[in-house]
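Listed below, chain by chain, are the residues.
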Amino acid sequence: MAESLVEEEEPKISPKEKKSKKEKKSNKEKKSKKEKKSPSSKKRKHIDGVSKETSSKRSKIGDDVSIQNHQQNEAEKFSFPIQYILAPMVGASELAFRLLCRKYGAQTCYTPMISSTKFASDPEYRKEEFQSIPEDRPLVCHFSANDPEEFTKAAKLVEDRCDAIDLNLGCPQRTAYIGHFGSYLLDPKDRKLICDIVRMASKSVSIPIFCKIRLLDTIEDTIELCQQLRDAGASLIAIHARYRASFERKGPGARDGPAMLDQIWKVREALGPDFPLIANGNVITFDDVENNLRETKADGIMSAEGILDNPALFLPRHGKDGKKLVDIAVPSPWNGVNGNSILKVKEEHKKTIRKLKKKLREIGAIETKVGSGASLTREQQDKMLTKSDIVKKLAVIHEMNNFEVNKNVHEDKPKYTQITLKELMNAAKSKTNLANEYLDLTEKYPTKMRTIIFHTRRILKHELNKYQLMEDCIASKSITDLRNVISKISSYESDPSKFHFDKEKAQREKEAMERKKREEGKRKAFEARMIRKAKREGKSDLEYYLRQGSQVPTVEEIERLKNFSREMQLQKWKENDHSQHCMSFHLEEGGCKRDRACAFLHVDPKGANSFTEVDEVAG
């Protein structure tokens, strides 16, 4: 628990001791004045480096003051707090879950990972992937990218609707490897690229550019990376204290091992106290949050796994005074981004539109010529071929401006009300209450059913297993089905005699778990075999064979294959280098039944340079 900050009653002291204390105090004040004059003394205040003035304030305020009062510099750097953060999670940090976590203590939230390429060019993708309301602030928009211009375009589209833009340099998924983004951009060969991405965006938008990274192979490499990102224009770096993706690494720093928080402390030492760092990893309870802040000297803690199990993870930051009033949001309705607004074209697009329309007029004249039976020159034929591209470009610019205009849809001031801390704490004690609150939010701010089930089973994991309802939860087809499952839990909790252990169901669950482990083991065994094969053959790239058959199928290809026989589908699948991808996921009605347990890759088919992460937690 948070340490008590209540000032203790001072013991009685003699006049002689008083005089001695005054002399010591005077010497300290002189020393403090000297330090203030020295540039080296202008350091960020951390938990175990609190000034006398801060300590005095702390003792006066009491228990309801959390560690955030000691780290004043974050307010100087940003206009929003960065101490208690909901991490970006693909399919899991959506609007409804962000609002739930904000109510129970999260200060700043990240969106799920969004493809900057698709976001910059696809209006439907923007509408689906970016949802926010006035009460959903501070908000960091989290993009994957491997192109400076596309990242900057995406950033410009949302700079008025969020508080910072984040570059994903931490995603460890194999789909990130195939799409060449996330942690797979951390090799030295891509260092110039990622610095160019940060540099261009930081010069082009009015809000800060953040980066989220993983550890490199040595602490020296990690420090150098952070220094380069900082020098390129990054205003904050969040470090997931596990190594970037490796199919060989085991133990501390591996994807499924404990995070190496000591390395964040070393980065802090190297970068100095004034550059904002966020620690990510090894957080289950609020005690972990406080301990990690002390150990890493980071400015804030980011949580993914811990807050999935407990959306009220950060609630203790408010202290212990139950009578304290806490501001909570009154969420506004979600109107979408495509409202009926009058289109106003931005100045920077007017010139482009004029040029494109001129080209269309020229093509129109050529088409008239064709209609009259005249022959065309090679140049005129080439111009005719560009018509569809020009029409598409005009449509993209139109939609970009439409998105800009519809930013005004949510320009109303955020609405808040107050509730006592005691009421919040009581509500947070009940996991069924948290789950029902989340379902209420999903009805107001719809998201995929798969995401809703995922959050419900994470919040109620213990209760679902205890009352043998996990199977029912996962099989739910609607929010009503999930509410019925939660209702059963509440009934069993209020009257334990109603619950009867079902041995047959327990056996089915055991078999299902064993089957899932076998399926997951297949993928790991395959990866291990391919790495051993590369080693035997002396290949410098140990992941060479893991790339064979990794080509992502296209939307058009999937549609064609659906008309073939199963035998022909398998043949074409191998010929087109898709052997690592799950054919059932793409071709069967309802997709692959094995979901995450499947030994093959589940990656959405690609259109124009598109890619989509499907794992719930990535980064």
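Please read these numbers as outputs of a predicted model, since none were measured by experiment.

Observations concerning a positive patch on the surface
At step 1: A cluster of like positive charges, contributed by Lys351, Arg354, Lys355, Lys359 and Lys393, occupies part of the molecular surface.
At step 2: For the positive patch, the leading source of residues is helix H14 (residues 347-371), giving 4 residues.

Some thoughts on the pairing of strand S7 (residues 236-243)
At step 1: Among the 8 residues that make up S7, 8 are buried, leaving the element largely enclosed by the rest of the structure.
At step 2: Relative to S7, strand S6 (residues 209-215) runs parallel, the two being bridged by 6 bridges. Looking at the pairing, Ile213 lines up with Ile239 of S7.
At step 3: As a crossover connection, the stretch from S6 through helix H10 (residues 219-232) into S7 is right-handed.
At step 4: With 4 bridges connecting them, S7 and strand S8 (residues 277-280) associate as parallel partners. Looking at the pairing, Ala238 lines up with Ile278 of S8.

So, the side chain of Ser476
At step 1: Structurally, Ser476 is set in the loop between helix H21 (470-474) and helix H22 (479-494).
At step 2: Residue classification places Ser476 among the buried residues on the basis of a relative accessible area of 6%.
At step 3: A polar contact of 3.1 Å, which involves the side chain of Ser476, links it to the backbone oxygen of Cys473.
At step 4: Apart from the residues within four sequence positions on either side, Ser476 is in contact with Met449, Ile453, Asp481, Leu482 and Val485.

Quick notes on the nonpolar core
At step 1: Within the largest apolar cluster, 121 residues are counted, with the highest numbers of intra-cluster contacts made by Ile165 and Leu229.
At step 2: Not counting the four nearest positions on each side in its chain, Ile165 is found in contact with Val140, Cys141, Phe143, Phe151, Ala155, Val158, Ile207, Pro208, Ile209 and Phe210.
At step 3: The next biggest cluster of nonpolar side chains, apart from the first, holds 7 residues, and it includes Val90, Cys171, Ala176 and Tyr177.

As for the pattern of salt bridges
At step 1: By the definition in use, this model includes 23 salt bridges.
At step 2: In this structure, Asp196 and Lys192 form a salt bridge, with 2.8 Å as the shortest nitrogen-oxygen distance. With Asp196 and Lys192 both in helix H9 (residues 191-204) and 4 residues apart, the pair spans about one turn of that helix.
At step 3: According to the relative accessible area criterion, Asp196 is partly exposed, its value standing at 23%.
At step 4: The partner of Arg268 in a salt bridge is Asp299, and the shortest N-O contact between them spans 2.6 Å.

Details of the state of the cysteines
At step 1: Summed over the entire model, instances satisfying the criterion amount to 0 disulfides.
At step 2: We note that Cys195 lacks a disulfide partner, and the nearest cysteine sulfur, in Cys211, lies 8.5 Å from it.
At step 3: The class of Cys195 is buried, set by a relative accessible area of 9%.
At step 4: Left unpaired, Cys582 is separated from the closest cysteine sulfur, that of Cys592, by 3.8 Å.

Description of the packing of helix H17 (residues 421-429) against helix H18 (residues 431-444)
At step 1: In the contact formed by H17 and H18, the axes pass within 5 Å of each other and the chain directions differ by 95°. Taken together, H17 and H18 sit at an angle that is classed as roughly perpendicular. Here H17 contributes Ala427, Ala428 and Lys429 to the contact with H18, which in turn contributes Lys431, Asn433, Leu434 and Glu437.
At step 2: Of the residues that constitute the contact of H17 with H18, the class distribution is 3 nonpolar, 1 polar and 3 charged.

As for the packing of H10 against helix H11 (residues 262-271)
At step 1: One way to put it is that H10 packs onto H11 with a least axis distance of 10 Å and a crossing angle of 50°. Between H10 and H11, the crossing angle belongs to the class labelled oblique. For the pair H10 and H11, the sense of crossing is right-handed. Judged by residue contacts, Ile219, Thr222, Ile223, Cys226, Gln227 and Arg230 of H10 engage Gln263, Lys266, Val267, Ala270 and Leu271 from H11.
At step 2: For the contact of H10 with H11, the residue count by class is 6 nonpolar, 3 polar and 2 charged.

Comments concerning H17
At step 1: Burial in H17 covers these residues: Leu421, Leu424, Ala427 and Ala428. Down the axis of H17, the sector holding all buried residues measures 125°, keeping them to one side. Of the exposed residues in H17, the ones pointing more than 90 degrees away from its buried face are Lys422 and Lys429.
At step 2: Buried positions along H17 lie against helix H4 (95-103), strand S10 (325-329), strand S11 (416-420) and H18.

The rules behind each value
- Starting from 1, residues in each chain are numbered consecutively following that chain's sequence as written.
- Where totals are concerned, whole chains, interfaces and linings use all residues; where local detail is concerned, this predicted model gives features only for residues with pLDDT of at least 70, and gives and counts side-chain atom pairs only at 80 or more.
- Calculation of side-chain values draws on the structure's entire complement of heavy atoms; hydrogens and water are dropped beforehand.
- Patch membership requires over 30% relative accessible area and the absence of a salt bridge. Like charges are linked within 9 Å, and nonpolar side chains (Val, Leu, Ile, Met, Phe, Trp, Tyr) within 5 Å.
- Here the Shrake-Rupley method, with its probe set to 1.4 Å, supplies the accessible areas, and only the displayed protein chains count as covering residues.
- By definition here, a salt bridge exists when the distance from a side-chain nitrogen of Lys or Arg to a carboxyl oxygen of Asp or Glu is within 4 Å.
- His residues and chain termini do not enter the charge count, which takes Lys and Arg as positive and Asp and Glu as negative.
- For charged residues, the charge sits on one atom: NZ in Lys, CZ in Arg, CG in Asp, CD in Glu.
- Runs of E in the DSSP output that reach at least two residues are strands. Runs of H or I that reach at least four are helices, and both are numbered from the N terminus.
- Here the term buried applies to any residue with accessible area under 20% of the maximum for its type, exposed to any over 50%, and partly exposed to those in between, with areas from a 1.4 Å probe on protein chains only.
- In this scheme, strands are said to pair when DSSP sees at least two bridges between them.
- Crossover handedness is defined by viewing with both strands directed away from the observer: a clockwise path from the first strand over the helix to the second marks the crossover as right-handed.
- Between N or O atoms, a polar contact is any pair within 3.5 Å; within protein, one atom must be a potential hydrogen donor and the other a potential acceptor, and residues adjacent in sequence are included only when both atoms are from side chains.
- Here, residues are in contact when the closest pair of their heavy atoms is within 4.5 Å.
- Nonpolar cores are built from buried Ala, Val, Leu, Ile, Met, Phe, Trp, Tyr and Cys residues. Side-chain atoms within 4.5 Å join them into one set.
- A pair of sulfur atoms, both from cysteines and within 2.5 Å, is called a disulfide here.
- Note on geometry: axes are C-alpha line fits, over the in-contact stretch for helices, and angles between N-to-C directions span 0 to 180 degrees.
- Here is the rule for angles: anything less than 35 degrees is roughly parallel, anything more than 145 is roughly antiparallel, 65 through 115 is roughly perpendicular, and the remaining ranges are oblique.
- Any residue outside Ala, Val, Leu, Ile, Met, Phe, Trp, Tyr, Cys, Pro, Asp, Glu, Lys and Arg is labelled polar, Gly included; the first ten of those are nonpolar and the last four are charged.
- Each crossing gets its hand from how the near helix is turned against the far one by less than a right angle, where anticlockwise is left-handed and clockwise is right-handed.
- This arc is built from the directions going out from the helix axis to the C-beta atoms.

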